[in-house]
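What follows is the residue order along each chain.
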Amino acid sequence: MPELTLAEKLEILADGAKYDVSCASSGSSRRNKGGIGNAAQCGICHSWTADGRCVSLLKILLTNACIYDCAYCVNRRSNDTRRVILTPAEVAELTIGFYRRNAIEGLFLSTGVVKDPDHTMELLIEATRILREEHRFNGYIHVKVVPGADLLLVDRLGRLADRVSVNMELPSRESLKLLAPDKSREAIVAPMKRVGELIVQTKEERKVSRKIPPFAPAGQSTQLIVGASGESDLQIVSLAAGLYGRLAMKRVYYSAFIPVNTDERLPTVIGTPPLVREHRLYQADWLMRYYGFAAGELLDEERPNLDLALDPKAGWALRNLHLFPLEVNRAPLELLLRVPGIGVRSAQRIVGARRGGHLSLDDLARLGVVMKRARYFITARGRFGADLAPDAAGLRLRLTERATAKIRWSQPSLFDAATAIDIQSSITGEL
Amino acid sequence: MILRYDGTFAGFLSAVALARERGIKPEAITDREPEQQGLFAAIEEVATDRDRAEELYRLISRTLPSGALQTLRYAFHSCEPGREILLFRYLELGLATGPRFGAMLAHEAVIPVWKLARAVGREAHRYKGLVRFQQLEGGVWYAAMEPDHRILPLIAPHFAARFADQRWIIHDPRRGEAVVFDPARRKWAETSLEVTGPLPLSAGEELFRDLWQRYFDRLAIAERHNPKLQRQNLPLKHRGHLPEFER
Ligand code: SF4
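It should be emphasised that the depicted structure is a prediction, and the values quoted were computed from it without experimental measurement.

All names here are of chain A. Secondary-structure assignment places alanine 92 in helix H2 (residues 88–100). With 240 residues separating them in the primary sequence, alanine 92 and proline 332 have C-alpha atoms 50 Å apart. Apart from the residues within four sequence positions on either side, alanine 92 is in contact with Ala127, Ile130, Leu131 and His135.

Our focus in this paragraph is the domain arrangement of chain B. Residues and elements named next belong to chain B. What the domain assignment lists for chain B is domain 1 (2–124) and domain 2 (128–245). Opposite the 11 residues of domain 1 that make contact, domain 2 presents 11 residues. Between domain 1 and domain 2, the buried area comes to about 1,000 Å², and carbon and sulfur atoms account for 56% of it. Among the residues domain 1 hides against domain 2, the three largest losses belong to His77, Glu123 and Ala124. Together they make up 57% of the total. Joining domain 1 to domain 2, the criterion identifies 0 salt bridges. Mapped by element, the contributors of at least two residues to the side of domain 1 that touches domain 2 are helix H4 (66–76) and helix H6 (111–130).

All names here are of chain A. Among the 5 residues that make up strand S3 (residues 57–61), 5 are buried, leaving the element largely enclosed by the rest of the structure. Where S3 meets strand S4 (residues 106–110), 5 bridges bridge the pair, whose relative direction is parallel. Bridge pairing links lysine 59 to phenylalanine 108 in S4. Taken together, S3, H2 and S4 form a β-α-β motif whose crossover is right-handed.

The subject of this paragraph is the state of the cysteines. All names here are of chain A. Applying the stated criterion across every chain yields a total of 1 disulfide over all chains. Between the sulfur atoms of cysteine 45 and its disulfide mate cysteine 54 the distance is 2.3 Å. Between cysteine 45 and cysteine 54, the S-S torsion sits near -105°, and that sign places the bridge as left-handed. The exposure class assigned to cysteine 45 is buried, which follows from its relative accessible area of 6%. Taking the relative accessible area as the measure of exposure, cysteine 54 reaches 8% and is therefore buried.

So, on to the interface of chain A and chain B. Contacts between the two partners involve 61 residues from chain A, matched on the other side by 47 residues from chain B. Taken over both partners, the interface formed by chain A and chain B buries close to 4,900 Å², and the fraction arising from carbon and sulfur atoms is 58%. When residues of chain A are sorted by the area they lose upon contact with chain B, A:Trp48, A:Arg100 and A:Arg101 head the list and together hold 16% of the total. In this structure, B:Arg218 and A:Glu11 form a salt bridge, with 3.9 Å as the shortest nitrogen-oxygen distance. Where chain A touches chain B, the interface holds 21 residue pairs in polar contact (both at pLDDT 80 or more). Counting only elements with at least two residues in the side of chain A that touches chain B, the list comes to helix H1 (6–17), strand S1 (47–48), S3, H2, helix H12 (344–354) and helix H13 (361–366) of chain A. Considering each element in turn, the side of chain A that touches chain B owes the most residues, 7 residues, to H1(A). Each residue belonging to the side of chain A that touches chain B can be placed in one class, and the counts come to 30 nonpolar, 15 polar and 16 charged.

Quick notes on the rules
Residues numbered from 1 in each chain as written. Chains lettered and ligands numbered in written order. Predicted model: local features only at pLDDT ≥ 70, side-chain atom pairs only at ≥ 80, totals over all residues. Heavy atoms only, no water. Helix = DSSP H or I, 4+ residues; strand = E, 2+ residues; numbered from the N terminus. Contact = heavy atoms within 4.5 Å. Domains from an automatic or database assignment. Buried area = accessible area lost by both parts, 1.4 Å probe. Salt bridge = Lys/Arg side-chain N within 4 Å of Asp/Glu carboxyl O. Buried < 20%, exposed > 50% of the residue type's maximum accessible area, 1.4 Å probe, protein only. Pairing = 2+ DSSP bridges. Right-handed = clockwise from strand over helix to strand, strands pointing away. Disulfide = S-S within 2.5 Å. Polar contact = N/O pair within 3.5 Å; in protein donor to acceptor, adjacent residues only side chain to side chain. Nonpolar A, V, L, I, M, F, W, Y, C, P; charged D, E, K, R; others polar.

What follows is the structure in structure tokens.
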């Protein structure tokens, strides 16, 4: 076969990486200390593709060759596709070239496994090292950790990258065994644990001495495929809660299963992929991270799956009607956050504004509260602005998103602009 | 009474200072020709007085909470006609109420200014991503953009920190304004700039343009084709200077 040009390789390797959902480039604030680039605290989008997704990072595979054969992956060994590989220097050159033109925030480097996990990790580290040391690049770098690689390599990678991630992909040991037989749960969890420990430990050390280089300052993330295996939302949400709590996980991405391979081990998906479910999981995740909800408040053994017709916050409110209506001029921030239609920003603005005087219902709308939803759950100066009491029978119907209503398929993005998302799931060409 | 100033922030503050000294409430503060405004009140030209402006600025920084100062700066860079008088009322209220001002988020003099600042802030944030440099012969990096608001000085610090080793120019051809960065002194400055005729590009530019266009095309997922969502996130008016849309 004729040698491919750099442009042709780029096309193939971008193709293999595009299904990965995590495109957030936020959360790191690396300063430019001589050289080029910095990482912006809140993410920046540089363009939007024809499917409406934000382009923030150069998202590519180092190679689409792989010694493994995961059922859900386009790059698996048994697929008959053209395999290419970039040298670490080429990866660095592409990144710098795009970065200097302000086309990207940085690099998201993933890969198939060539030869063995250690060798593959060495290549990833080398690409990152060239960027940081030779190009003196201070922009954002997110690199995938290869499961099964030596943990010392994980340590080296995290000193160079802003974020590292190991994709868990399947929520349980059994599913993993069935669908990704080459990767054990241990091979995935061990580097995650190590990363979590190093993040916490390095933060402590850096309080004493700023000379110690940070370790993955933008934290670690992971991705779970939803719907390729039989786990309930309760299992998935509890797993996520555990990852946030114990492994210093910054972000869990959920990805509705879309088949790219035919394989008898995979469920047959009829019609559209479980995008609504994915959306609800993101909402639940958001509620746990920013609104102070515990997993057990959203789901339990009796109701192990999220209501597809209703957002989980409204669902919680309807199960806890004894708390409503709340008087917005008195309610503490924690409770304001639990009102459907009041987001983090508007809750904070309410708390700020009411110090300057009693707020009326009209004031609330001006402060950004979505009154269409909130009015059933609040009073302002004792006034109630809805025609239905919170415990009225028809309320659930009013809060239900009508099937015709357009749901915007994006992760709820309150804080980082760069997380406009992939509804597309990830049957990804990487780990 | 209409106060006319030169369009600069210092000029605006001079006008505010003047109004405060005399205890007048102007009907408008503007840098435009009054007939464009359809106003027939008496017009007074205000000369920009740096000392007076600075004095007022210090008073504002002492009295208003820091968030309010940022709001003021951003709202001033909006291109909304009549913004100055909104800012004037905002300042009057802020200077009269001092520390209590921070909590007056729902006040009728605060909301419109906050909205202007928010629109400008959003556009400035958006353009941190949409400014696109091309390397010119001789090594200078040049970017053109056509934002709704005058955001050049608001985004310049971001690019100065990020591309500290590049000589760069960000140009707003519609307004004939630019910011220029000098890496040797690590400083940026505003200047007026007119470009006539095509710019000579450096040798590597074609290659990277091609690489970027191909990369961009591959990123979209065919089954998810959704130009409506794309337009919602990136309206057509912002695409003018992006190579991925120039073909
Ligand atoms: S998911 Fe990763 S390890 Fe599995 S086949 Fe694909 S590239 Fe290889």
